[in-house]
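These are the residues of each chain, in order.
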Amino acid sequence: MEASNKEYYSFQVNLQGMISLLSEHLYSNPNTFIRELLQNAVDAIAALRQLDEGLEGNVRIELPGEASPVFGFQDNGIGLREHEIHAFLSVIGESSKRKNAEDARLFIGKFGIGLLSCFVVSEAITIETRSAFDQKGFRWSAFNDGRYQIDPVEGLPIGTKVYLTPKKNYAHLFRPENFIPQIRFYGDALPEAITVVANGEEKRINPEPPVWLNPDADRDALLQAGRDIFQLTFLDAVTFHTESGECTGVLYILPFKTQFSVKQHHRIYLKRMFLSEADNGLLPSWAFFVKMIVNSNALSATASRESLMQNDLLRGTRKAIGETLKSYLKNIRDIDLQVYLKIIQTHFLHLKAMAAEDDEFLRLILDDLPFETNKGLRSFKNIREQFPVIYYCADYEEFKQVQRIAEFQGVLVLNVAYTFEEELLKKIKSIRKELNIREMSSAKLLDTFVNISAEEASRYRSFMDKLAGFTRPLHCTVSLKYFEPKDTPAIFTRADEDFAEATIKKLKASDNPFANALGSLQQQPALLNQFCLNMNNELVQNMLTLDDDYMLQAITEVLYVQALLMGKHPVSEKQMQLFNSALHSLLVMGMKNFIQI
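About the criteria used
Residues numbered from 1 in each chain as written. Predicted model: local features only at pLDDT ≥ 70, side-chain atom pairs only at ≥ 80, totals over all residues. Heavy atoms only, no water. Helix = DSSP H or I, 4+ residues; strand = E, 2+ residues; numbered from the N terminus. Buried < 20%, exposed > 50% of the residue type's maximum accessible area, 1.4 Å probe, protein only. Contact = heavy atoms within 4.5 Å. Areas by Shrake-Rupley, 256 points an atom, 1.4 Å probe, with all protein chains shown as cover. Expected span 1.5 Å × (residues − 1). Pairing = 2+ DSSP bridges. Polar contact = N/O pair within 3.5 Å; in protein donor to acceptor, adjacent residues only side chain to side chain. Bend = angle between axes of the 7 residues up to and from the residue. Axes fitted to C-alpha atoms, helices over the stretch in contact; angles between N-to-C directions. Parallel < 35°, antiparallel > 145°, perpendicular 65-115°, else oblique. Left-handed = near helix turned anticlockwise from the far one by under 90°. Nonpolar A, V, L, I, M, F, W, Y, C, P; charged D, E, K, R; others polar.

### Some remarks on the overall build of the chain
What the chain contains, in helices and strands, is 21 helices and 22 strands. Relative to its full complement of 597 residues, the chain shows a buried share of 46%. In the chain, once contacts between residues fewer than 6 apart in sequence are set aside, the share between residues at least 24 apart is 68%. Surface accessibility of the chain: about 31000 Å² in total, with carbon and sulfur atoms responsible for 51%.

Take a look at the structure:
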């Protein structure tokens, strides 16, 4: 490698390329310039308020019209001196809000690139500003080709006014019907007065502070505010305040069921400036059943100022908001039972997710939680009081197979195949050891059937030997039992070991290092699946009297495949061929008997 010549060069910034980058990647829509101008104005007012605590902030916006095609955005903040104009307005990435950590804490933005968003929608930018520390004012004129100039201006008030010349393709953004909703969207919670002048008429955007920031607002007022903002009638409104992140807001309980995968729209504010509709990680993963309005005075925004930075402070804030929601749910039962029951009925899946990670909360609401069973939706209190043994299926296909037959046996089976539910039931089992909770499968269901007597076993030994010969090639054993319903001639159940083998196969397929170790533990041969004939069924009773082994085998094979289908088990091509062949044999035998008659 050749020696360095010790000469250094400076990076060159292509302003047009930077503008393209901002418009296409950093900012989500061209209306971002409204938020950026508003944030700069609010920060300038906050800076001057450090010197004058009684300052009443004011933002005045003049929209283009027939009298003037130029857009004006004025604040009565701290303003800029000449050297600050060079340092902060003309250096991309610099910011007047980076002096120290305490100053940065007071301001919304701190990345010094917000003004560039104006170039996305404007041909040119002119800024007239006078610092609170200077008697002279200055005009900074910049163009999107990278040129700028500074001129002194006399008679300017303290503060800053930004003039934009809209690009033709973005002129619609500056019309009153488009601009006013956007400025209200971003600034409705700001304490500074925001006034828009359009067609000679003045309009105050934020005449009153928002209800949700009022610590004395009652429940009805908060619910009305929620209706106005989200266009929904909520079940309840929960106010909260956290030390972490200095957050104040309201959690609204949704009036309808929601999916875990659905992302809710919220209203997230940073120092009372609207930031985002995403929750930004402020809500716990299980809190899909709430909408949130929140303002933070301590969290930090990302460079685009459209989301919050993911850091320890945000994680601490999320934990605090989660604890607030849990505390509310623990207390609402005693405060308003009707609201509590509505929440349980509507959001029980999400409450189960909460209970799965909080033992105290689980003990509190356990009896009221509903579970899907083969006897319909029932509360846990009803389940534990009515049934000495609580069975459950963690696999939905298994539950579908056992639910009908289990009901006729007088057995209650819970379907816990949904997210969090199996984990929750195991936790219930650990904290309520007096309860008899057992996992159920189709194989275990056979234990609830009535066995044939010893006398019947002896009488039908020859019959069973024949059936065993028919079912041996099918890799299953055959048995006779009494069970309900009578219209079910036979059921097929997989041996529990089959599930273990399937798991090991999946592990091997994924190159899991534990697969071989698990496989080596299988010293004993796997149990065969079971094919159980129902002694209460008329067809089975008739089978016991048959002397024709050919017909008996055909009926057995038809009932076997039928049991597979009824149990929702996969049926292979070979098994379907067996079914078709057996059915053909029965039809042929039936036709021969008809001809002989």
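Now that the structure has been shown, the text picks up again.
### Re helix α2 (residues 32-49)
Across its 18 residues, α2 extends 26 Å between first and last C-alpha, which sits within 8% of the 26 Å expected from 1.5 Å per residue. Judged by how many residues are buried, α2 sits mostly within the fold: 16 of 18 residues are covered.

### Here we look at the pairing of strand β16 (residues 389-393)
Most of β16 sits inside the fold, with five of its five residues counted as buried. Here β16 shows a buried face lined by Val389, Tyr391 and Cys393 and a second buried face lined by Ile390 and Tyr392. Of the pairings in the sheet, the one linking β16 to strand β18 (residues 436-439) comprises four bridges and is parallel in character. Each bridged residue has a counterpart across the sheet, and for Val389 the counterpart in β18 is Asn436. Here β16 runs beside strand β17 (residues 413-415); their pairing, made up of three bridges, is parallel. The residue bridging Tyr391 from the neighbouring strand is Val413, located in β17.

### Describing the side chain of Asp236
Relative to the elements of secondary structure, Asp236 occurs in strand β9 (residues 236-242). Among the polar contacts made by the side chain of Asp236, one reaches the side chain of Arg219 at a distance of 2.6 Å. When near neighbours in sequence (up to four residues on either side) are disregarded, Asp236 contacts Arg219, Leu223, Leu251, Tyr252, Ile253, Tyr328, Ile332 and Val339.

### So, helix α9 (residues 337-355)
Compared with the 27 Å implied by 1.5 Å per residue over 19 residues, the 19 Å span of α9 between its first and last C-alpha is markedly short. Within α9, the axis deviates most sharply at His347, by approximately 90°.

### Focus: the packing of α9 against helix α13 (residues 421-431)
How two helices sit against one another is set out by the angle between their axes and by the gap between those axes. The contact between α9 and α13 brings their axes to 9 Å, and the two run at 50°. With respect to α13, the axis of α9 lies oblique. Taken as a pair, α9 and α13 cross one another with a handedness that is left-handed. Residues Leu349, Lys352 and Ala355 of α9 touch α13, and the partners they reach there are Glu421, Leu424 and Lys427. In terms of residue class, the contact of α9 with α13 is made up of three nonpolar, no polar and three charged.

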